[in-house]
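Summary of structural features
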Amino acid sequence: MTGHYIAFEGIEGTGKSTLAGLLTAHLEAMGKDVLRVREPGGTETGERIRGVLLDPGGSVSPWSEALLFAAARAQLAHELVGPALESGSWVVTDRSVYSSLAYQGAGRGLGVAEVRAVNEPGLGDVWPELVVLLTVDAATGLVRQEDADRIGAEGVAFQTTVGDTFEELALADPDRFVVVDASPDLDTVWKQVLQHVEGRWVISSEM
Ligand code: TYD
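Residue positions are given per chain, counting from 1 as you read along its sequence in written order. Reporting of local features is limited, given that this is a predicted model, to residues whose pLDDT is at least 70; pairs of side-chain atoms are given and counted only at 80 or more, and all residues count toward the totals for whole chains, interfaces and linings. Computation of side-chain values covers all heavy atoms of the structure but excludes hydrogens and water.

A run of DSSP states H or I qualifies as a helix once it reaches four residues; a run of E qualifies as a strand once it reaches two. Both are numbered from the N-terminal end. Helices and strands together make up the secondary structure of the chain, namely eight helices and five strands. For the radius of gyration, the atom set is restricted to C-alpha positions; the globular benchmark scales as 2.2 Å times the number of residues to the power 0.38. Relative to the globule expectation of 17 Å for 207 residues, the C-alpha radius of gyration of the chain, 16 Å, shows essentially globular dimensions. Its C-alpha atoms give the chain principal-axis dimensions of about 50 × 35 × 30 Å. Should any heavy atoms of two residues lie within 4.5 Å, those residues are considered in contact. Counting only contacts in the chain whose residues sit at least 6 apart along the sequence, the fraction spanning at least 24 positions is 78%. To be clear on the numbers: accessible area is Shrake-Rupley with a 1.4 Å probe, and residue cover counts the displayed protein chains and nothing else. Split by element, the accessible area of the chain, about 9300 Å² in all, is 52% carbon and sulfur.

Right under this line is the structure:
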């Protein structure tokens, strides 16, 4: 793997998509090849699974949910992310395996280690190298959220558990995670994100 795989993570309403878009545009302006993806989804199979997972009227049991997210992710790794990294591209994703650890592992109570174990076989070494964790308190995040999907419609207690778990995952893995307070205005948050990315890689001189 010669490319770089960057994931934006956080609860609802932290601005992940906007910041992933800004980073993608910045890297492209620096002449980099960038694959921008989102989870769940990103492939035809993944988008179909996304429909099942997020349909507000749908019924999906906790383990079915965890396995469907893992299936969509395995497809994305096989079809797009793995090949892109092998060809030296940058990959910027809106959510990753860490969402499953936080939402299904902790939020649904399936166990972080158990959910990690069902994801690993489908991913191999296709694993985010840098995770930008955007934090905001759960109540603020829910107010900022635009349209609630089936999982996003869970209440403040669920979002708080998920947010706390993201922070625990970050504390346990400080070489992979950076934590950015997403409560200030977008420009301030973006500057922080860029500082972290540029602190890790010299973007302008790197091929
Ligand atoms: P999305 O439309 O991407 O929402 P957001 O703007 O919040 O990122 O929907 C993703 C939803 O699925 C969101 O509620 C979080 C949830 N999710 C999981 O529960 N587990 C996962 O592994 C992933 C990738 C997402």
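Here we take up the site of the ligand. Around the ligand sit 16 residues, and of these E12, R50, R95, S100 and Q104 come closest. Counted as a polar contact is a pair of N or O atoms within 3.5 Å, where, for protein atoms, one must be capable of donating a hydrogen and the other of accepting one, and residues adjacent in sequence contribute only when both atoms are in side chains. Here R50 contributes a side-chain N or O atom positioned 2.6 Å from an oxygen atom of the ligand. At a separation of 2.7 Å, a nitrogen atom of the ligand approaches a polar side-chain atom of Q104. Relative to its free-state accessible area of 540 Å², the ligand is covered by the protein chains to the extent of 88%. Within the residue set of the shell around the ligand, elements represented by two or more residues are helix 2 (44–54), helix 3 (62–86) and helix 4 (97–107). A class-by-class count of the residues in the shell around the ligand yields five nonpolar, four polar and seven charged. What makes a residue near a molecule or strand is one non-hydrogen atom of that residue sitting within 4 Å of it. Charged means Asp, Glu, Lys or Arg here, nonpolar means Ala, Val, Leu, Ile, Met, Phe, Trp, Tyr, Cys or Pro, and polar covers whatever is left, Gly included.

Moving on, we come to helix 4. Buried, partly exposed and exposed residues are distinguished by accessible area as a fraction of the type maximum, computed with a 1.4 Å probe on protein chains only: under 20%, between the cut-offs, and over 50%, respectively. In terms of residue burial, helix 4 counts as a mostly covered element, since nine of its 11 residues are buried. For helix 4, the set of buried residues is V97, Y98, S99, S100, L101, A102, Y103, Q104 and G105. The inward-facing, buried residues of helix 4 contact strand 1 (4–9), helix 3, helix 5 (112–123), strand 4 (130–135), helix 7 (156–172) and strand 5 (177–181). Backbone geometry just after helix 4 places G109 at a positive phi near 75°.

Once that is clear, we can look at the pairing of strand 4. Strand 4 sits mainly inside the fold: six of its six residues count as buried. Where burial is concerned, the two faces of strand 4 agree: the one with L130, V132 and L134 and the one with V131, L133 and T135 are both buried. Of the strand pairs in this sheet, strand 1 and strand 4 are connected by four bridges, and their pairing is parallel. Within the sheet, the bridge partner assigned to E9 lies in strand 4 and is L133. Two strands make a pair as long as DSSP finds a minimum of two bridges between them.

Let's shift gears to the nonpolar core. When a protein is soluble and globular, its nonpolar side chains tend to lie buried together. Only buried Ala, Val, Leu, Ile, Met, Phe, Trp, Tyr and Cys residues count toward a nonpolar core, and they belong to the same one when joined by side-chain atoms within 4.5 Å. Of all hydrophobic cores here, the largest spans 37 residues; its most connected members are V81, V91, Y98, Y103, V162, F166 and F177. Looking at this core, the elements with two or more residues in it are strand 2 (34–38), helix 2, helix 3, helix 4, helix 5, strand 4 and helix 7. The element best represented in this core is helix 3, accounting for eight residues. Sequence-distant contacts of V91, that is, excluding residues within four places in its chain, are made with H4, Y5, I6, L35, V37, V81, A84 and L85. Of all hydrophobic cores here, the second largest spans 22 residues; its members include V92, V178, V180 and I203.

Moving on: the packing of aromatic side chains. Two aromatic rings, taken as a pair, are described by how far apart their centres are and by the angle between their planes. Classification of ring pairs rests on two measures: the distance between centres of Phe, Tyr or Trp rings, Trp counted by its six-membered ring, which must be within 6.5 Å, and the angle between planes, read as stacked under 30 degrees, edge-to-face over 60 and tilted in between. A full pass over the atoms with the stated rule returns five aromatic pairs. Plain terms: the ring middles of W90 and W201 are 5.2 Å apart, the flat faces sit at 85° to each other, and that makes the pair edge-to-face. Of the two residues, W90 is situated in strand 3 (residues 90–94) and W201 in the segment after helix 8 (186–200); the sequence distance between them amounts to 111 residues. Neither residue differs from the other here; W90 and W201 are each classed as buried. On the numbers, 6.0 Å between centres and 85° between planes, the contact of Y98 with W127 is edge-to-face. Linking Y98 in helix 4 with W127 in the loop between helix 5 and strand 4, this pair joins segments that are 29 residues apart in sequence.

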